[in-house]
Amino acid sequence: MITRKILTIVIAFFITLAIHAKEQSDTVLHNRYARLFHADNPDSTKAFYDLSAYLQQYHKQKKQMENYYNIKRIEVRYDANHGKYMDAIKKANAMLAEMKRNKEEQYSDIAYCALGTVYDRQGNHEMGIRYFKEALKRVTPADGSRYIHAHAGLEHCYIIQHPEEALELNKRFGELIKSDSTYLKVYLAHKVQIYFYIGDKANFLKAAKEYERLINSSTSPIYEYGEKTIGVMENAMTDKHDDVLRGLKKYSDNGRRMDASIRIYESMGRSDLALKEAYRRMEIQDSFNNDLMTENLNELNAALDINELQKKAAKEREFWLIVVILLLVVAVALLISRHFIRRHYQKKIVKQKEQLAIALDEAQESARMKTAFIQHVSHEMRTPLNIINGYTQLIADPKYELSTEERNTLLQAIDQNTLAITSTINDLLEISLDSSKERYQRDDRIVVNDFCRGVLAYAYRRDNGRLEFVFNSSLPDDYIIYSNNEGIERILRQLLKNSLKFTEKGKIELSVCESADGESVNFVVTDTGIGIPEEHHSQVFEEFYKVDSFKQGLGVGLPMSRKIAIRLGGTLTIDKDYKDGTRMILTIPKGV
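We now turn to the structure provided with this report.

Each value, and the rule that gives it
- Residues numbered from 1 in each chain as written.
- Predicted model: local features only at pLDDT ≥ 70, side-chain atom pairs only at ≥ 80, totals over all residues.
- Heavy atoms only, no water.
- Helix = DSSP H or I, 4+ residues; strand = E, 2+ residues; numbered from the N terminus.
- Buried < 20%, exposed > 50% of the residue type's maximum accessible area, 1.4 Å probe, protein only.
- Contact = heavy atoms within 4.5 Å.
- Salt bridge = Lys/Arg side-chain N within 4 Å of Asp/Glu carboxyl O.
- Core = buried A, V, L, I, M, F, W, Y, C linked by side-chain atoms within 4.5 Å.
- Axes fitted to C-alpha atoms, helices over the stretch in contact; angles between N-to-C directions.
- Left-handed = near helix turned anticlockwise from the far one by under 90°.
- Nonpolar A, V, L, I, M, F, W, Y, C, P; charged D, E, K, R; others polar.

## Considerations on the overall build of the chain
Now for step 1: Looking only at helices and strands, one finds 20 helices and seven strands in the chain.
Now for step 2: Taking all 592 residues of the chain together, 46% fall into the buried category.
Now for step 3: Residue pairs in contact within the chain that sit at least 24 positions apart in sequence constitute 67% of those at least 6 positions apart.

Right, dumping it as structure tokens:
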């Protein structure tokens with residue numbers, strides 16, 4: 001009896017020791033998380049990265065992959081907060097590639113949120129919006145904090161440029177955090193900033209008091225969020241301009257914070273300071289864009305150096321050299337253009353102070369257009385390069401035993417993405433060709449039906465038997481017009497190429513007829529694809545605009561085609577009455 005009691009006591013003692021050890025382990029892990037998540041200034045940069053590496057390894061060993069990728073996202077945010085934008089973008093893209101390689105794409109929203117954070121911190125709010133929207137496509141409210149985080153990031157991107165839309169998102173955010181008070185401070189900080197950019201002083205002061213009560217309470221989260229920014233805004237809203245100027249001097253060269261500085265200076269009526277900050281912002285943006293272009297070219301060279309692509313690279317080396325030179329020429333031209341624009345407006349500032357606001361708007365638009373061009377090219381290059389790099393590593397890795405069918409599938413994917421890069425380069429060359437050609441001679445003798453059959457045959461060869469192709473003509477076979485053969489062919493090839501891209505099944509039809517007045521000929525391309533929503537009909541003719549921003553392409557085909565049509569004395573329009581796909585109508589004068 002005594003022996004059994006002693007045995008029971010010993011067992012209870014060891015169970016107590018095990019529980020105590022587990023509690024100590026949990027406490028250590030919690031403290032490390034607290035430092036990583038909430039400490040605004042870790043002991044040192046090395047200490048932060050060491051802590052991040054430890055937590056990544058811990059969760060990977062435990063196969064807790066959501067936590068593993070969240071630690072990687074926090075490291076990306078840390079780099080972005082410290083101005084290491086290229087490092088941050090590389091890590092976020094590497095995270096996406098790792099998810100695809102390990103077939104863990106159910107966590108891809110985490111990587112897209114990381115990319116959204118980088119571009120938001122860098123000041124490119126439109127790219128930030130794009131990536132946070134992509135993250136929200138991959139999660140639902142049932143995913144809890146991941147959904148809330150993506151929603152909060154999207155709202156943050158809207159605050160400066162689109163405060164009214166941000167206010168609607170903030171109301172939705174307030175409903176979401178009822179189940180998670182961790183984000184209460186973020187919600188209140190966003191609300192204060194939104195009312196500042198809207199210019200609603202009464203609601204701003206009311207929201208600022210609510211925020212102040214929270215940070216002064218014992219239940220306030222330990223992490224800092226918005227204190228410095230809101231303090232500066234409150235001084236600006238209450239006309240304490242000297243305090244504002246002192247506060248803004250402490251702002252870092254962070255793209256988003258510089259955007260905020262510009263808006264705060266404007267609210268004070270200090271257009272001179274706003275313009276000065278805008279030029280400083282442009283210089284930082286230029287530096288980032290140059291780094292981004294250099295990185296893309298380096299990655300392109302690295303990808304082409306892979307053994308599996310060397311045979312193709314030997315034939316295309318001269319072509320890529322032309323592309324690099326073209327990109328450099330475009331970049332230099334843009335820099336020279338920006339330089340002369342800047343000098344022009346600096347002279348105007350000296351002569352007439354009231355023109356400062358106009359100069360500010362035009363300088364910002366110039367930077368936006370240049371950034372849009374570079375980042376569109378970057379985005380179209382990076383995605384296929386990541387896929388090529390990932391698949392070639394799989395093929396080359398001796399750890400993976402691939403069947404002949406699997407190897408052929410990977411090689412086919414590599415070939416398709418190589419073609420995607422080539423297509424992007426062709427688009428750039430098309431832009432260059434169009435820019436250099438100021439006018440088109442209209443003296444080519446064109447036999448319309450034969451010409452159309454030749455163009456349609458081009459599309460048929462590209463399709464490889466997937467779709468049905470139809471040619472209809474109400475004109476006799478000897479019907480002739482006088483125009484520019486090259487220009488019309490470029491337009492029709494672009495329209496057919498778009499139809500091939502956006503039509504999964506059905507048919508593509510090219511028809512031709514004389515216009516009602518008998519002075520022109522209508523070339524009509526009709527498909528059974530996804531169509532273009534009517535609200536986008538005018539925007540698709542703007543350079544770099546795409547209805548689906550994640551679809552391959554630069555968004556320059558239709559704008560370029562309309563320009564050529566106008567130079568030929570004709571028009572290019574969308575038939576809004578056709579609802580089963582897209583119908584494009586090219587009208588060309590018959591000529592002499």
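Structure's up, so let's keep going.
## A short note on the pattern of salt bridges
Now for step 1: Applying the stated criterion across every chain, the model contains 20 salt bridges.
Now for step 2: Put simply, Glu514 and Lys590 hold a salt bridge, and the shortest N to O gap is 3.3 Å. Pair noted here: Glu514 is in strand 4 (residues 507–514) and Lys590 is in the segment after strand 7 (582–589), with a separation of 76 residues, a long-range link.
Now for step 3: Take Glu514: its relative accessible area is 35%, and that puts it in the partly exposed class.
Now for step 4: Three or more residues are tied together by salt bridges with common partners; here these are Lys60, Lys72 and Glu98.

## Here's the deal with the nonpolar core
Now for step 1: Ranked by internal contacts, the top residues of the largest apolar core, which has 66 residues, are Tyr69, Met95, Phe173 and Phe196.
Now for step 2: Per-element tally for this core: the top contributor is helix 9 (residues 184–198), with nine residues.
Now for step 3: Counting 38 residues, the second largest nonpolar core, distinct from the first, contains Tyr440, Phe451, Ile564 and Leu572.

## Considerations on the environment of Arg493
Now for step 1: Locating Arg493 in the fold gives a position in helix 19 (residues 485–502).
Now for step 2: Filtering out sequence-adjacent residues up to four positions away, Arg493 remains in contact with Val455 and Tyr458.

## Points about the packing of helix 10 (residues 201–216) against helix 11 (residues 227–237)
Now for step 1: Where helix 10 contacts helix 11, the axes come no closer than 11 Å and their chain directions differ by 145 degrees. Two packed elements cross with a definite hand, and for helix 10 against helix 11 that hand is left-handed. Residues Lys201, Phe204, Ala208, Tyr211 and Ile215 of helix 10 lie in contact with helix 11, whose contacting residues are Glu227, Ile230, Met233, Glu234 and Met237.
Now for step 2: Classifying every residue of the contact of helix 10 with helix 11 by side-chain character gives seven nonpolar, no polar and three charged.

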